[in-house]
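Next come the chains, spelled out residue by residue.
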Amino acid sequence: MTAPWMTPAGIVYIALFFLSGLICFLTIPRVMTLASTEIRYGLVGLLAATGIWGILKTAFFIIPDPYREATYTVGLVFGFATVWAWLYFASAYTGRRLHRDTTLRRLGVGVFLTVVTIKLTNPIHGLYYTTTEQTTPFRYLAIDHGVIHWASTGLSYTLAAIGLFMIFELYVASEYDTRPLVIFTGLLALPVTLDLIAIATPELINFIYAPIGVAAFATGAVHLFGDQFLSIGAAAQTADATIVVDRNDRIQDFSTAAVNAFPELEGAVGEKLATVLPAVAATRDRDEKIIEREDDGLSTYYFVSSTSMTLDNSTVTLLGFTDVTDSERQRRRLIQRESELAQRNELYRAIMSASFSFIFQIDLENRFRFVSPSVDELLGYTPDELTGEPISMLAPDEETLDEATDYFAEVARGKSLQVRDLPIKTRSGRTVYVDVRMVPIYEPSVDRSARTPNDIVAVQAMVRDASQRRQREGLISVMNRVLRHNVRNELTVINGRAEMLATELDGDAKSNADAIVRAADRLLDITESARRIEANRDLSPELETVDIVPIITDSLAQLQARYPDTSVTAAIPETAAAETLPQIETAIWELLENAAEHAGPQPTVAVTVTTSDEQVVITIADEGPGFPEDEQQVLADGKEEPLVHGQGLGLYLAYWIVTNLDGEIEVPESQSGTTINIRLPTPSDPPQND
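Everything numeric here is computed off the predicted structure, so don't read it as measured data.

Participant: Explain the pairing of strand S3 (residues 241-246) to me, please; I cannot follow it from the model alone.
Facilitator: In summary, the side chains of a regular strand alternate between the two faces of the sheet. Judged by how many residues are buried, S3 sits mostly within the fold: 6 of 6 residues are covered. Alternating residues of S3 divide into Ala-241, Ile-243 and Val-245 and Thr-242, Val-244 and Asp-246, and every residue in both groups is buried. Summarising the sheet, S3 and strand S4 (residues 251-254) pair through 3 bridges and their orientation is antiparallel. By the bridge assignment for S4, Ile-243 is matched with Phe-254. Taking the residues between adjacent antiparallel strands as the criterion, S3 and S4 are bridged by 4 residues, where Asp-249 takes a positive phi near 60°.

Here it is as structure tokens:
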């Protein structure tokens with residue numbers, strides 16, 4: 001009988017299987033350079049198992065009995081192992097996670113061990129295959145496969161087909177030119193064709209030809225078309241829109257989705273990425289991986305991911321573009337919102353620093369829950385030392401504590417308060433006086449229109465050091481007392497003596513005495529105005545609803561009694577409710593008296609009151625010579641220039657009272673006489689008539 005290596009056919013069989021195994025082994029070092037660990041494991045396992053299988057098939061034709069049958073059986077074991085390595089590789093290469101599934105892996109190991117056990121015990125039961133000596137086309141040990149073999153082979157081909165489906169599906173979805181890879185991957189199916197031919201005709205021996213297909217796939221996919229092989233594998237790991245660049249950053253390929261997003265890619269194969277898409281290229285060297293594309297005024301944002309794969313000396317980078325427009329717009333809105341909040345917080349901080357000594361919040365148990373850092377300057381405490389402590393920590397005595405507790409209780413019921421000259425104790429034990437503005441803080445989740453006192457969660461207080469004001473007001477008070485008492489008393493003496501002299505003297509001496517009397521009277525009026533200014537100095541910040549009609553009526557009656565020669569007319573409604581205080585009477589009287597005294601030889605004073613939803617307007621008009629400019633300045637902004645004091649302090653007093661009651665006072669232009677308007681706000685809830 002002729003040995004296989006002695007015939008042309010035998011040499012072909014031996015050479016095919018030997019070269020298949022050799023090619024698989026020679027490809028392993030190149031595959032070991034793959035950057036992807038899982039793809040590398042799968043492909044190395046496939047090549048190693050196929051290489052051993054090919055060499056064992058070669059040995060099957062060469063070694064003598066009784067080792068030939070054992071060699072074939074061991075080869076079957078490695079052949080069956082190639083199926084599982086192929087599935088592992090296909091899953092990893094296409095970006096799936098089947099190879100990581102614990103259940104599938106355990107199932108695969110169970111099936112593999114079961115089939116291997118049947119194969120290895122074939123000499124005992126002979127159900128997997130039997131052998132017969134054949135001489136055509138050369139002497140070899142023919143394999144007669146049993147039913148179990150065909151069941152195992154059918155399972156192997158089915159699993160291999162699943163792997164092929166995953167690969168081909170990736171080729172189609174990648175949108176790249178995958179024709180060369182399709183051809184060489186299709187060679188994996190060639191052994192099936194040869195196996196079917198061998199069953200149908202004696203021209204081929206009935207011998208599994210799988211190693212030949214794997215060797216052909218390895219030659220094409222790994223050696224000849226490595227860049228495409230890497231690109232497609234990388235595409236499976238990233239987004240739909242992809243661009244492939246080589247190690248020199250030249251564009252090699254791109255998907256249709258990438259062209260839709262970046263029309264500049266048309267005809268750009270071989271061009272530098274930085275030339276075609278500079279914004280994309282810039283992301284390679286910076287942490288910010290999001291680029292903006294603008295089309296018709298609308299911005300679209302893409303996250304650029306970079307996946308590099310290396311195979312020996314070939315390196316490709318696949319850039320994936322994920323549309324993150326919605327999340328990026330939201331992120332940018334949040335950044336803008338944070339910037340606005342930061343600016344607003346800085347504004348609040350500046351306002352607090354400029355306007356108040358410090359700010360604090362207390363909870364409904366009268367404990368500090370926030371204190372601004374500036375508290376240290378006034379009281380010597382740090383915010384941490386006060387936070388969580390009761391308000392009694394700053395009370396100099398029990399009376400002050402009770403008073404402060406009552407204030408906070410009122411605010412906790414929904415009222416806003418302003419307290420002057422509240423004593424508090426510093427860390428050193430010294431007592432200082434402060435002005436405090438307190439407002440309630442509501443639960444933020446409750447709509448403003450639906451808030452009730454039950455929704456109040458804390459009280460916020462703004463504190464201002466009152467020391468300088470108290471010193472200034474104390475000095476003013478002393479000066480006023482001196483002006484009212486000492487100066488007034490001396491002026492009364494001067495006035496009395498001057499009147500006596502005026503009755504006793506004649507000629508120029510009498511005129512001089514009369515001038516002294518008039519000057520003394522004016523100074524006495526000034527002292528009276530100063531007294532009234534001080535009396536109205538501490539106007540309450542809480543306005544109330546006042547019907548001003550009785551006030552005006554009484555003032556007009558008083559004016560008529562004091563100045564009987566003055567003609568007085570009035571156009572006044574029955575009621576006119578304003579949000580003010582009774583002290584408004586003093587301002588009205590000062591302006592009426594000023595009009596009566598300076599309305600000319602035939603004085604006429606007209607008073608009109610008009611009302612609207614927003615305000616009450618009191619108009620006082622006379623037919624006199626008109627208001628001097630310096631006196632108009634007093635009513636415009638309360639400004640008294642040195643040596644220019646109008647007719648005493650009456651106008652300043654009127655301005656002071658009206659403006660401190662949230663009103664306005666103005667002197668509109670008129671062709672004759674003087675017109676003064678007082679504008680007072682109307683109450684939000686007007687009084688109900690009984």
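What follows picks up the thread again.
Participant: What is the right way to read the sheet that holds strand S18 (residues 664-666) from this model?
Facilitator: Taken in spatial order, the 5 strands make up an open sheet running S14-S16-S17-S19-S18, and their pairing is mixed. Every other strand in the sheet has two partners, leaving strand S14 (567-571) and S18 as the edge strands with one partner each. Averaged over all neighbouring strand pairs, the angle between strand axes comes to 15°, with direction disregarded. Where S14 and strand S16 (residues 604-611) come together, 5 bridges link them in parallel fashion. Looking at the pairing, Ala-570 lines up with Val-607 of S16. Against the sheet, helix H21 (residues 584-597) touches S16, strand S17 (615-622), S18 and strand S19 (674-681), its axis set at about 20° to S17.

Participant: Whenever I open this one, the packing of helix H2 (residues 37-62) against helix H3 (residues 67-93) confuses me. Can you help?
Facilitator: Between two packed helices, both the angle of their axes relative to each other and the distance between the axes serve to describe the pair. Remark: H2 packs on H3, axes separated minimally by 8 Å, with the N-to-C direction vectors making an angle of 160°. One finds that H2 runs roughly antiparallel with respect to H3. In this structure, H2 meets H3 at a crossing whose hand is left-handed. For the contact of H2 with H3, the residue count by class is 21 nonpolar, 7 polar and 3 charged.

Rules used throughout
- Residues numbered from 1 in each chain as written.
- Predicted model: local features only at pLDDT ≥ 70, side-chain atom pairs only at ≥ 80, totals over all residues.
- Heavy atoms only, no water.
- Buried < 20%, exposed > 50% of the residue type's maximum accessible area, 1.4 Å probe, protein only.
- Helix = DSSP H or I, 4+ residues; strand = E, 2+ residues; numbered from the N terminus.
- Pairing = 2+ DSSP bridges.
- Axes fitted to C-alpha atoms, helices over the stretch in contact; angles between N-to-C directions.
- Contact = heavy atoms within 4.5 Å.
- Parallel < 35°, antiparallel > 145°, perpendicular 65-115°, else oblique.
- Left-handed = near helix turned anticlockwise from the far one by under 90°.
- Nonpolar A, V, L, I, M, F, W, Y, C, P; charged D, E, K, R; others polar.

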